[in-house]
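What follows is the residue order along each chain.
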Amino acid sequence: MLEIEGLTRRFGDVTAVDDVSFDVRDGILTGFVGGNGAGKTTTMRMVMGVLGIDAGRVLWQGRPVTAADQRRFGYMPEERGLYPKQRVLDQLVYLARLKGLPDAAARRTAQEHLERFGLAERAEDRLQALSLGNQQRVQIIAALLHGPTALVLDEPFSGLDPSAVDAMADILREHASTGVPVLFSSHQLDLVERLCDRLVILGHGRVVAVGGVDELRAQGPVRYRLALDRDAGWVREVRGLHVVDVEGPVALVEVVEDGAEQALLREAAGRGAVREFTPVRPALADIYREVAAR
Amino acid sequence: MSSVPSTQREAGWALVARREIVVKITDRAFLIGTLVTLLLIGGLMGYQVWDAGRTATYTVAATSDVRPVADRLASDAPSLDEQVAVEVDAVADDAAARAAVRSGDADAWLHRGDDGWVLTTDSEEKGALTRVTQDVVRDVALEEQAADLGTTVQRLRAGSTVTTALLRGDAEQSQLAGGVAYAFAFLFYVATLTFGITLANSVVEEKQSRVVEIIATSVPVRQLLIGKVVGNSVLAIAQMLLYAGVGLVGLSFTPYASLVPGVGGPVAWFVAFFVAGFVALAALWAVAGALASRVEEVQSTATPLTFLVLAVFLGALLVTGTARTVLSFVPPFSAVLMPTRLLEGDATWWQAVLAFALLLAAAGGVVVAAERLYRRSLLQTGGKLSMRQAWSAPE
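Since the structure is predicted, the reported quantities are computational estimates derived from the model, not experimental observations.

J.: I'd like to hear about the domain arrangement of chain A, residue by residue, with values.
T.: All names here are of chain A. Domains assigned within chain A are domain 1 (2-212) and domain 2 (220-293). Look at where the C-alpha atoms of domain 1 and domain 2 centre, and you get two points 42 Å apart. Summed over both sides, the interface between domain 1 and domain 2 buries roughly 660 Å², with carbon and sulfur atoms accounting for 79% of that surface. A per-residue breakdown of the area domain 1 buries against domain 2 is headed by Leu189, Glu193 and Ile201, which together make up 58% of the total. The tally of links from domain 1 across to domain 2 stands at 0 residue pairs in polar contact (both at pLDDT 80 or more). Residue composition of the side of domain 1 that touches domain 2, by class: 7 nonpolar, 2 polar and 1 charged.

Next comes the structure, spelled out in C-alpha cells:
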C-alpha cells in the first residue's frame, strides 16, 4: 500500500499541494480527480520522487519510500512522447534496462508486451511513424514492462479513442487484480465512476473528498423524485425539505430534516395517487461539483 | 511478470552512454557528415602530394636582342626551382610581345628597362617565375661584369654565402607545428560546438517529451548526466582520432613525411587535453540544454557557451607573447593552447602537467556544478531558466 501523508509543495508563493493525505490500496483502482491546477500532477511527481517534497512523506508498505522502491513503480508522466526517432523495441529495451532488467529479460518482456498490445509488427518502426493511439500504447508498455509493484499514471486515458479506453481500462483492472495498487488521474468523471473503487478529489491543492465511490455518494445530499397525478406545486409548503425542481406533477426534493421525506409521502398519499417515489443517487459529477464548490 | 534481480545490472550511466553512441552512429546525417569530412581531409592531403610533384611551365616572350638571356633562363630554371620550367616564345617586336602576353599565349615578356630588366605579365605577378628570372638575370649580369674586370663570378662570390640554421627544431618543423596547432584548434572548436549542440538538444528533447521523468524514476539524474557526457565525449574523441589518424597517414605521403614521427608525441598530449577540455564543456552544454524547456530555447541558453568555445578557438590563433603563455594555463583555453605550445617546443613538460592538472580540476568543478544545475532545472518545465534560477531552484 502506498500512503501519502501531509504532502506539501510550494512554488514560490503558491502552495500547489497543501497537506495532502490519502492511501492507494493494494489491488484496487484509485482515481485521482480535480480541476486544472488542483495539484494532481505535482502530487504524483512527488510520489514518484521526481519532484522534491517541502513537507510530509510517502510511505510504501508502511515505511518511507526509497529510490529503490520508486524504481520498481510504473510511471506515466502527464505529457507524452518517448524518443520519437528511436525504434519502438530499442527504446523499450533501453527503458527496461534502466529499470535494472538484464538485456535478455528486457528484450523478452518488451516483445511480449508489444505482442499483447498488437504492436509486434511495429517493433522495428521509429516511434514517430506510429499513430498517436499506438504511441500511447507504447507509453503504457514503458510503464508496465518491468512488472511494476505499483502504478502511478497521469491522465492515462487522455487522447485515447473509445476502444483504446476500454483496452486501457482492462489493463489497469488486470494489474490491480494482481494486488498492485494503481493510482491514476483523469478529467473524465464518468470513466472514473465506472472504473474506480476509490476516489480522491483534489481542489486547490487540498483533498476535498476521499473514499469509495458509494461512500462518497452516500455523503452527497439525499434526493427524492415524486410523481403524482396532479400538479405537485404544494410540495413547497412541506417543512424540512428543499425543493430542487417542480415540473407539473413531478417534483425533485432534497431532504434537509431527517424524516421529512416520510411526511411528504403521507401528505402525497392523502392528496391522491402516488405514481413514483424514489431516492435519487447523485452522479459523481454532482458530488464533484458539490465538494469542489465547498 | 519478470522480476528485477539485483545482480547483472549494468550501471545506469553506461546504459545512457551506450544509447547516446548507438543513436548517433546509426544517424545518417552524422555518418554522411563524418564521411564528407574524411574525404575533405583526404582530398587536402592528395592536393599536397600532387602540388609537390607538379611542375609549372611558363612561356616567356622575348625579342631577338634578349634571346640569349631568355635561353639561359629556359636552361637554368629547372636547376633553380624544380617546379619551374620555362619555354621561350620568340617574338618579332615589343608590340608582338605585349599582344602575346595579353592574349595568354605567353605568361610573361622579358625585356630591358631603363635600369635593368623587366618581366611584364598580364594582370598578376608570377612569383616563382620572377624569382627564377631574378637569379638568372643576376648571374648573367655578374658574369658580364666579372669578364669586364677580368675575373670570374666564383671569385667574386667567394665567402659571401649565407645559410640558415635553427638551434631548436628546423624551419619545416615549426611551420608544420603551426599547421597542426591550427588543425587541432579547429577540430576542438568544431567538435565542442557540434557535439555540444547535439548534447544540449538531446537533453532538452528528453525534458520536453518528459522521457526524463521516466528516466529519473529509473536511475539517479546524476547517472543520466554522466552517461550523456561520457557518450558524447567518446563519440567526439573517436571522431577526432579518426580525422587525426587519416590526416597523419595522409601526411606521410607528402614531402612532410619525415616530420610525422615528431608530431606523434604531442598528439598524445593533444588527446589528453582534448578529453579533459571536452568533458568540462560537455557538462556545460548539458546544463544549457536543461535550462531550456523547448528545443527552440537552446539557442539562447547556449549563447554564452557558443562564445566561450569561439573564444578558445580564436585565443589559440590570435593571442601571442606573454598573454599566450598565461592563457595556456587557464582552463578551458589551456585545452588547446598548452598542447600547441608543446608542439612548438615552447613549453616544458612540467608546465604541461601543471596546465593539465588545472584543467582536470576545473573539469571536475564544472561537472559538480553542472550536476546541481542540471538536476534542479531538468524537471522545471515552466519555461526558460537562468543559471541563477536553476542554481537556487528547489529540487
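J.: Before we move on, could you go through the UniProt feature "transmembrane region" (unreviewed entry) in chain B and cite the residues and values that matter?
T.: Residues and elements named next belong to chain B. The feature "transmembrane region" (unreviewed entry), as given by UniProt, occupies residues 29-50, 180-204, 225-246, 266-293, 305-327 and 347-370 in the numbering adopted here. The span residues 29-50 shows a helical share of 100% and a strand share of 0%, and its end C-alpha atoms are spaced 31 Å apart. For residues 225-246, the helix share is 100%, the strand share is 0%, and the end-to-end C-alpha distance is 32 Å.

J.: Give a detailed account of the interface of chain B and chain A, specifying residues and quantitative values.
T.: Many descriptions give the size of an interface as the accessible area lost when the pieces come together. Listed as interface residues are 29 residues of chain B and, on the opposing side, 33 residues of chain A. With both sides pooled, the region where chain B packs onto chain A buries about 2900 Å², and carbon together with sulfur makes up 56% of that total. Taken together, the links from chain B to chain A amount to 1 salt bridge. Residue Glu213(B) pairs with Arg45(A) through a salt bridge whose shortest N-O separation is 3.2 Å. For the pair chain B and chain A, the interface holds 5 residue pairs in polar contact (both at pLDDT 80 or more). Only helix H1 (12-25) and helix H8 (211-216) of chain B provide two or more residues apiece to the side of chain B that touches chain A. Residue contributions to the side of chain B that touches chain A peak at 6 residues, all from H1(B).

J.: An account of the confidence of the model for chain B is requested, with residue identities and associated values reported.
T.: Residue and element names in this part refer to chain B. Here chain B averages 83 in pLDDT, and 92% of its residues register 70 or above. Considering each helix and strand of chain B separately, the mean pLDDT is smallest for helix H16 (residues 387-392), with a value of 76, and largest for H1, with 92. Taken together, the stretch residues 1-8 has pLDDT below 50 and engages in 19 contacts with residues farther than four places along the chain or on a different chain. Across the predicted assembly, pTM comes out at 0.74 and ipTM at 0.79.

What counts, and where the lines are drawn
- Residues numbered from 1 in each chain as written.
- Chains lettered and ligands numbered in written order.
- Predicted model: local features only at pLDDT ≥ 70, side-chain atom pairs only at ≥ 80, totals over all residues.
- Heavy atoms only, no water.
- Domains from an automatic or database assignment.
- Buried area = accessible area lost by both parts, 1.4 Å probe.
- Polar contact = N/O pair within 3.5 Å; in protein donor to acceptor, adjacent residues only side chain to side chain.
- Nonpolar A, V, L, I, M, F, W, Y, C, P; charged D, E, K, R; others polar.
- UniProt positions renumbered as here; feature names shortened; annotations may be inferred.
- Helix = DSSP H or I, 4+ residues; strand = E, 2+ residues; numbered from the N terminus.
- Contact = heavy atoms within 4.5 Å.
- Salt bridge = Lys/Arg side-chain N within 4 Å of Asp/Glu carboxyl O.
- pLDDT = per-residue confidence, 0-100.

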